[in-house]
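Okay, here's what each chain looks like letter by letter:
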Amino acid sequence: MNESDIISSRRKFLKNMAYGSLLMAGGIGVANAKVKHIASHTVLPPRSANNHQVRVHDTLHQHHQLSSYKPSSTIETHSLFDRNSPSHKMLAFHNTHTGDQLNLTYFEEGRYIKDALHEINHLFRDYHDGTVHPIDPALLDQLYDLKHTLEVRKPFHIVSGYRSPATNADLRKHSDGVAKNSLHMEGRAIDIRIEGLDTRRIRNAALAMQRGGVGYYGRSDFVHLDTGSVRTWAG
């Protein structure tokens with residue numbers, strides 16, 4: 001072995017000794033750091049389908065409790081309350097007769113969503129005979145604008161949606177407040193209330209919109225809306 005090999009061998013020996021000393025001195029710290037890293041990245045067990053649905057529902061519920069929210073920036077104001085050019089439109093309903101509930105986006109990227117409209121048609125069905133009829137999208141837009149005018153996120157409670165001609169004729173036998181040519185029979189009218197909200201406030205907001213017919217039924221506690229000519233009455 002020549003002199004250069006001896007020098008190289010000594011250097012490697014000294015280097016290994018120094019590295020080993022560092023490991024002995026800092027070994028505990030390295031181990032602790034590794035444990036902390038693992039603990040901070042614990043993998044949670046997968047949620048069941050039911051738990052996932054509950055979580056989504058809770059998130060939606062929180063999102064819809066924004067009636068008292070006062071946005072602090074123009075960006076947030078636009079995303080919450082600008083109705084002129086929304087990227088999507090959402091509505092929530094509760095059918096007071098069938099118990100059916102719906103919370104969905106019915107308009108997105110400049111067009112109505114066909115499947116969503118089918119779901120709405122079913123929810124609005126004549127609960128007397130089960131007849132389903134297409135609901136006028138303009139009525140949905142009217143409701144969308146109304147909820148933003150009122151600044152509420154609660155569902156619309158449906159007192160009456162679509163009404164078949166047979167049902168309308170039968171109701172006319174028992175009430176003078178049912179029109180012979182009711183727009184309910186065309187899927188262009190709805191009777192609503194909102195839980196916890198005075199129906200007079202709903203009526204006033206609808207009247208201010210000037211978007212169609214607005215009927216106020218104080219004793220029965222609901223407001224009628226339709227896509228007909230602008231007019232108003234009390235029943």
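Everything discussed here concerns the structure shown above.
In this text, all values refer to a predicted model and were calculated from it rather than measured experimentally. (Residues numbered from 1 in each chain as written. Predicted model: local features only at pLDDT ≥ 70, side-chain atom pairs only at ≥ 80, totals over all residues. Heavy atoms only, no water.)

Helix and strand content of the chain: 7 helices and 8 strands. Each of the 235 residues in the chain was classed as buried or not, and the buried ones make up 34%. For the chain, the share of sequence-separated contacts (at least 6 apart) that also reach a separation of at least 24 residues comes to 56%. (Helix = DSSP H or I, 4+ residues; strand = E, 2+ residues; numbered from the N terminus. Buried < 20%, exposed > 50% of the residue type's maximum accessible area, 1.4 Å probe, protein only. Contact = heavy atoms within 4.5 Å.)

Okay, the side chain of Arg-125 next. Here Arg-125 lies in the loop between α4 (114–123) and α5 (137–150). Separated by 2.9 Å, the side chains of Arg-125 and Asp-100 make a polar contact. For Arg-125, the residues in contact, after removing those within four places along its chain, are Thr-98, Asp-100, Gly-130, Thr-131, Val-132 and Tyr-162. (Polar contact = N/O pair within 3.5 Å; in protein donor to acceptor, adjacent residues only side chain to side chain.)

Another point: the nonpolar core. Membership of the largest hydrophobic core comes to 34 residues, with the highest contact counts inside it found for Phe-93, Phe-124, Leu-140, Leu-146 and Leu-225. Element by element, the count of residues in this core is highest for α5, at 6 residues. Look past the residues within four positions of Leu-225 in its chain and what remains in contact with it is Leu-139, Gln-142, Leu-143, Leu-146, Arg-188, Ala-189, Ile-190, Ile-192, Ala-206, Gly-213 and Val-214. (Core = buried A, V, L, I, M, F, W, Y, C linked by side-chain atoms within 4.5 Å.)

All right, on to the sheet that holds strand β8 (residues 231–234) then. Across the sheet, which stays open at both edges, the 8 strands sit in the order β3-β2-β1-β4-β5-β7-β6-β8 with mixed pairing between neighbours. Looking at the sheet topology across the chains shown, the edges are occupied by β3 (111–112) and β8. Note that strand β1 (residues 88–95) and strand β4 (residues 156–160) share 3 bridges and pair parallel. The residue of β4 that forms the bridge with Phe-93 is Phe-156. Across the sheet, α4 lies against β1, β2 (101–108), β3 and β4, angled at about 145° from β2, the strand it touches most. Here helix α7 (residues 199–209) sits on the sheet in contact with β5 (189–193), β6 (213–217), β7 (222–226) and β8, set at roughly 165° to β6. (Pairing = 2+ DSSP bridges. Axes fitted to C-alpha atoms, helices over the stretch in contact; angles between N-to-C directions.)

Attention now moves to the pattern of salt bridges. Throughout the structure, instances matching the rule amount to 8 salt bridges. Here Arg-163 ties to Asp-191 by a salt bridge, and the two come within 3.9 Å at their closest N and O atoms. Remark: Asp-191 occurs in strand β5 and Arg-163 occurs in the loop between β4 and α6 (165–172); sequence separation between them is 28 residues. The buried category is assigned to Arg-163, whose relative accessible area is 9%. (Salt bridge = Lys/Arg side-chain N within 4 Å of Asp/Glu carboxyl O.)

Now for α5. Because an α-helix packs 3.6 residues into every turn, residues spaced three or four apart end up facing the same way. Taking 1.5 Å as the rise per residue, α5 with 14 residues should run 20 Å; its terminal C-alpha atoms sit 20 Å apart, in good agreement. Of all 14 residues that make up α5, 11 are buried, and the element is covered over most of its length. Here α5 has its buried residues at Leu-139, Leu-140, Asp-141, Gln-142, Leu-143, Tyr-144, Asp-145, Leu-146, Lys-147, His-148 and Leu-150. Its side-chain oxygen at 3.0 Å from the backbone nitrogen of Ala-138, Asp-136 defines the N-terminal cap of α5. Once α5 finishes, Glu-151 follows within two positions and takes phi at roughly 55°, a positive value. (Expected span 1.5 Å × (residues − 1).)

On to unusual backbone geometry, then. Despite not being glycine, Glu-109 has its phi angle at roughly 55°, a positive value. Tracing the backbone shows Glu-109 in the loop between β2 and β3. For Glu-109, a relative accessible area of 69% translates into the label exposed. Backbone geometry places Asp-221, a non-glycine residue, at a positive phi of 60°.

On to the pairing of β4. For β4, the buried fraction is high: 5 of the 5 residues fall into the buried class. Relative to β5, β4 runs antiparallel, the two being bridged by 3 bridges. What sits directly across from Ile-158, in β5, is Ile-192.

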